[in-house]
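Read off the chains here:
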Amino acid sequence: MKSGFVAVVGRANAGKSTLINVMVGEKVAIVSPKPQTTRDRILGVLTTSDYQIAFIDTPGIYKADNLLNSVMQKTTADSCADVDCILFVLDAHEGISETDVNLLNKYVKQNVPVVVALTKIDIMPESLLISELKTLSELQVEIVPVSARKGKNIKELIKVLLEKLPQGDKIFEQDIVSDRSEKFMLAEIMREKILLKFDKEIPHGVAIIINKFALMDGGNMYEVNLDVVCEKPNHKAILIGKGGKAIREVSTFARQDMEKFLGKKVFLTTYVKIKEDWRNSAQLMKEYGYENGL
């Protein structure tokens, strides 16, 4: 059988996490329309009787403006070391810029097989797709136009990736789909709902801390107690909302997804706390689980 690691990279909001979720067949990474959704390296594992692909989801590439973002960029760079293939994801709907071409060219020069996935082709004119394929053809990399939302060309993309992987045994057990813990996924679910509900800079200044995660009621329900950490008093006020309406609403949506993920009822308690400028504090970032790359 074939097996190997594929680093999935690209600019922020290119659709990397959505594509991985579709290929793996389960939600292993949160998604939102906002950049900086993925903060850390997350593994999604696709296993069949013939092959196993371990996809490494990475933070989107952009200019860092605080310590957390710098760590995220280092995580992306480190994730491309010692992999069997790099899957470079490009948002075809947004068009291909000179920055995209230069970034892709950087990975092509790393002596690791590179495959390009042109995403969101379901919402772009065919003439633009043809133009972009011509632009990328000069770099001599394999290109697969895909639509994760429609499931278009996903099997073809997997086929192309498998051609780049070596023969080998399974890296992970058959039923493993991610290297992340349940606690990590619960925190990510809560952060995803905040990303979807709130605008501007508020979601990007939020960290989720799971204080308690335990079975209760004879094993029929999970108790989850968490903190939503933000950076400013006015952010806390917005997150809570008038009479606590906003935090109750986002907690309800998060609890529903947590229950789907865990397969049991969840009793969720949410607190909002302030830690000013935590994204520039190495100590707090380590405490909040972002120690990789520090």
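Now for a quick tour of the structure. (Residues numbered from 1 in each chain as written. Predicted model: local features only at pLDDT ≥ 70, side-chain atom pairs only at ≥ 80, totals over all residues. Heavy atoms only, no water.)

1. Overview of the overall build of the chain
When helices and strands are counted, the chain shows nine helices and nine strands. For the chain, contacts bridging at least 24 residues in sequence account for 71% of all contacts bridging at least 6. With the model as given, the accessible surface of the chain reaches about 14200 Å², and the carbon-plus-sulfur share is 49%. (Helix = DSSP H or I, 4+ residues; strand = E, 2+ residues; numbered from the N terminus. Contact = heavy atoms within 4.5 Å. Areas by Shrake-Rupley, 256 points an atom, 1.4 Å probe, with all protein chains shown as cover.)

2. Focus: the packing of helix α6 (residues 182-197) against helix α8 (residues 245-262)
At a minimum axis distance of 9 Å, the contact between α6 and α8 shows a crossing angle of 140°. The orientation of α6 with respect to α8, classified from their angle, is oblique. The way α6 lies across α8 gives a crossing that is right-handed. For the pair formed by α6 and α8, the contact residues are Glu182, Met185, Leu186, Ile189, Met190, Glu192, Lys193, Ile194 and Lys197 on the first element and Ala246, Ile247, Glu249, Val250, Ser251, Phe253, Ala254, Asp257, Met258, Phe261 and Leu262 on the second. For the contact of α6 with α8, the per-class residue count stands at 13 nonpolar, one polar and six charged. (Axes fitted to C-alpha atoms, helices over the stretch in contact; angles between N-to-C directions. Parallel < 35°, antiparallel > 145°, perpendicular 65-115°, else oblique. Left-handed = near helix turned anticlockwise from the far one by under 90°. Nonpolar A, V, L, I, M, F, W, Y, C, P; charged D, E, K, R; others polar.)

3. Topic: unusual backbone geometry
We note that Asp217 has phi near 55°; this positive angle belongs to a residue other than glycine. Structurally, the position occupied by Asp217 is in the loop between β7 (207-216) and β8 (221-230). Exposure remark for Asp217: the relative accessible area of 53% places this residue in the exposed category. Positive phi values are uncommon outside glycine, yet Asp277 reaches one of about 55°. As for its position among the elements, Asp277 is in the loop between β9 (265-274) and α9 (282-287). (Buried < 20%, exposed > 50% of the residue type's maximum accessible area, 1.4 Å probe, protein only.)

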